[in-house]
Amino acid sequence: MKTRILLCSGGLMVYSGFAGKDPSLANWFQAGSLLFYEFLVDIAMNMHPKVRPLWQRALIIPVLGMLLVYKALKLPRRILPRDLRAIVRNWHYSMFWTLIKSGLTQAFIDEPCTFNTSGKHFPKAEVAPEFRMTEDDFTQFHRDGFIGPFDAFSKEEMAQLRQEMLAVENANSETYGFVTPRDRHLESPRLWEHMNHPAIVERVAQILGPDLLCWRTQLFYKGPGAPAIQFHQASTFMVEDYLDPAIYPPRMDEMFQLTVWVAVDDAVPENGCMQFIRGSHDRIHKIKFGGEEGFYKANFSLDFDRDPARVVTMPVKSGQFIIFTERCIHGSPANTTDRYRLAFNLRIVPTNVPVLTGKEKYRSVYNGGKYNLKNWGVALLRGEDRHHLSKTVVPARLEKTSTEDRYRSAA
């Protein structure tokens, strides 16, 4: 109730110049503010956005319009409650307008941006010949939004990692203090060692540049009979609470983040291998509220061209990996087998991209709730961090004898 009162008082501060002393108008705006807060709970906190009755939308939309005006007039944000302050600061005008124009039935899935999928692209780092990507590789990646699979690890290495992953599946994270598949590299020497494999970092460096940070990892346990992960995409990961971005790229129209997805077990269509929508990374798409689809606990339907010819199903053998931009729409079908399908990913940015700056906690509503960032930080994967824009931590094992350093000393 405290937050709602703050919201209403904040809303009335915004509206005071218009409402004057008319109590009915003030009460109307207060009711609209309360409904707007509930709407924020649905979309930002629970990620269960629903199509509201017409009378509720008639109250919420003017409040949303007032925030749009507030942003346009550059009025002081410090008087607003935290969530409204984040919206005024971070939402693009197109995000406001999409909600208003659709009558609160559509929104962008993440912070909107575009990307030019055509043109010439060249390697941004020099690497050893065995990891060098060809001109055709660059053309394919920038056209499609993904590339691979590539070989990296042996069956024996993946068998050892599989045992470790299963052992910690239901164990509390040392980083966050509760059960979560996120960022286990900060406490797992074996996982950190695998992330540093030159087959991975040397290819990513050619796309993003020589200096790289890992800001997140995730373990994937797709158990027997596990449902599909519906098609989704991300840009700056504002999708996680629809209030604040996680990363702050200098330019949104450039390649500023890559995901590497590593198969611990053979990933095939029957157990839910990755699927991509070729070329869908040209822009961030919109979602329709409600429906049968969703992403983890989120409930929406992504609006995009569902031409079957664009769907690429990507089987990946144990020990292989694929590279993709999160802006490329992706998902995975259900696991229809009686066995686990294990995998992990790592998300990588150049060192000039700030990550979770100035934050003590981070909300990922659809995947675990609130994360205390006391023990979290980015980890240097390659090169040197000359910018120092993000909190940095040393993972469980970052020694001079890492796989990457051993490789370079032998080269």
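Draft legend 1. Quick peek at the overall build of the protein. Looking only at helices and strands, the protein features 10 helices and 15 strands. The proportion of buried residues among the 411 residues of the protein is 56%. When the accessible surface of the protein is split by element, carbon and sulfur atoms take 54% of a total near 17900 Å².

Draft legend 2. Seen up close, the sheet that holds strand β12 (residues 341-350). Ordered by their spatial adjacency, six strands build an open sheet running β2-β10-β5-β12-β3-β15, and the pairing between neighbours is antiparallel. Edge strands, defined here as strands with exactly one partner in the open sheet, are β2 (146-151) and β15 (379-382). When the angles between neighbouring strand axes are averaged without regard to direction, this sheet yields 30 degrees. The strands touched by helix α6 (residues 135-144) are β2, β5 (258-263) and β10 (320-324); relative to β2, the strand with the most contacts, the crossing angle is about 130 degrees.

Draft legend 3. Fine view of the side chain of Thr259. Among the structural elements, Thr259 can be located in strand β5. On the accessibility criterion, Thr259 (0% relative accessible area) is buried. Of the polar contacts made by the side chain of Thr259, one reaches the side chain of Glu326; its length is 2.8 Å. Non-local contacts of Thr259, meaning those with residues more than four positions away in its chain, are made with Ile322, Ile323, Phe324, Glu326, Asn345, Leu346 and Arg347.

Draft legend 4. Focus on the side chain of Asn271. In this fold, Asn271 is placed in the loop between β5 and β6 (274-277). If near-sequence neighbours (up to four positions away) are discounted, Asn271 is found in contact with Lys222, Asp266, Ala334, Asn335, Thr336, Thr337 and Arg341.

Draft legend 5. View of the pattern of salt bridges. Counted according to the given criterion, the structure contains 23 salt bridges. Look at the salt bridges and you will find they share partners, linking Arg82, Asp83, Arg89, Asp244, Lys359 and Arg363 into a network.

Draft legend 6. Layout of the environment of Arg190. Tracing the sequence through the fold places Arg190 in helix α8 (residues 189-195). The spatial distance from the C-alpha of Arg190 to the C-alpha of Glu157 is 9.3 Å, given a sequence separation of 33 residues. Once you skip the residues sitting within four places of it in the chain, Arg190 turns out to touch Gln160, Leu161 and Glu164. Of note is the side chain of Arg190, whose polar atom sits 3.1 Å from the side chain of Glu164.

Draft legend 7. How the structure looks around the sheet that holds β6. The four strands lie next to each other as β4-β11-β6-β9, forming an open sheet whose pairing is antiparallel. A single partner strand is all that each edge strand has here, and the edge strands are β4 (229-232) and β9 (311-314). Strand after strand, the sheet turns through a mean of 20 degrees between neighbouring axes, direction not considered. By the bridge criterion, two bridges tie β6 to strand β11 (residues 330-332) in an arrangement that is antiparallel. Residue pairing across strands places Phe276 opposite His330, the latter belonging to β11.

Draft legend 8. How the structure looks around the packing of helix α3 (residues 54-72) against helix α5 (residues 93-101). The N-to-C vectors of α3 and α5 enclose an angle of 160 degrees; their axes lie 10 Å apart at closest approach. Overall, the two elements α3 and α5 adopt an arrangement that is roughly antiparallel. Of the two possible hands of crossing, α3 and α5 adopt the one that is left-handed. Facing Ile61, Leu64, Gly65, Leu67, Leu68, Lys71 and Ala72 of α3, the residues of α5 in contact are Tyr93, Phe96, Leu99 and Ile100.

Draft legend 9. Main features of the packing of α3 against helix α4 (residues 82-90). Between α3 and α4, the least distance of the axes is 9 Å, while the angle of their chain directions is 60 degrees. Judged by the inter-axis angle, α3 sits oblique to α4. Crossing angle aside, the handedness with which α3 passes α4 is right-handed. Residues Leu67, Tyr70 and Lys71 of α3 touch α4, and the partners they reach there are Leu84, Val88 and Arg89. Of the residues in the contact of α3 with α4, the class split is four nonpolar, no polar and two charged.

Draft legend 10. A look at the pairing of β5. Most of β5 sits out of view: six of its six residues are buried. The alternating pattern of β5 places Leu258, Val260 and Val262 on one face and Thr259, Trp261 and Ala263 on the opposite face, and all of these are buried.

Draft legend 11. Fine view of the packing of aromatic side chains. Scanning the entire structure with this criterion turns up 10 aromatic pairs. A centroid spacing of 5.5 Å and a plane angle of 75 degrees characterise the contact between Trp91 and Tyr242, whose relative ring orientation is edge-to-face. Residue Trp91 is located in the loop between α4 and α5, and its partner Tyr242 is located in the loop between β4 and β5; the two are separated by 151 residues in the primary sequence. We note that Trp91, like Tyr242, is buried. An aromatic cluster of at least three residues, connected via ring pairs, comprises Trp91, Phe96 and Tyr242. The side chain of Lys71 reaches across the aromatic face of Tyr93, ending 5.6 Å from its centre.

Draft legend 12. Highlighting the confidence of the model for the protein. In this model, the protein carries an average pLDDT of 85, and 81% of its residues clear a pLDDT of 70 or more. pLDDT under 50 marks residues 399-411. Its contacts with residues more than four places away, or in other chains, come to 21 contacts.

Draft legend 13. Expanded view of helix α9 (residues 198-208). Judged by how many residues are buried, α9 sits mostly within the fold: 11 of 11 residues are covered. Of all the residues in α9, the buried ones are Pro198, Ala199, Ile200, Val201, Glu202, Arg203, Val204, Ala205, Gln206, Ile207 and Leu208. Phi turns positive, to about 125 degrees, at Gly209, one or two residues after α9.

About the thresholds
- Residues numbered from 1 in each chain as written.
- Predicted model: local features only at pLDDT ≥ 70, side-chain atom pairs only at ≥ 80, totals over all residues.
- Heavy atoms only, no water.
- Helix = DSSP H or I, 4+ residues; strand = E, 2+ residues; numbered from the N terminus.
- Buried < 20%, exposed > 50% of the residue type's maximum accessible area, 1.4 Å probe, protein only.
- Areas by Shrake-Rupley, 256 points an atom, 1.4 Å probe, with all protein chains shown as cover.
- Pairing = 2+ DSSP bridges.
- Axes fitted to C-alpha atoms, helices over the stretch in contact; angles between N-to-C directions.
- Contact = heavy atoms within 4.5 Å.
- Polar contact = N/O pair within 3.5 Å; in protein donor to acceptor, adjacent residues only side chain to side chain.
- Salt bridge = Lys/Arg side-chain N within 4 Å of Asp/Glu carboxyl O.
- Parallel < 35°, antiparallel > 145°, perpendicular 65-115°, else oblique.
- Left-handed = near helix turned anticlockwise from the far one by under 90°.
- Nonpolar A, V, L, I, M, F, W, Y, C, P; charged D, E, K, R; others polar.
- Phe/Tyr/Trp six-rings, centres within 6.5 Å; stacked < 30°, edge-to-face > 60°.
- Lys NZ or Arg CZ within 6 Å of the ring centre and 35° of its normal.
- pLDDT = per-residue confidence, 0-100.

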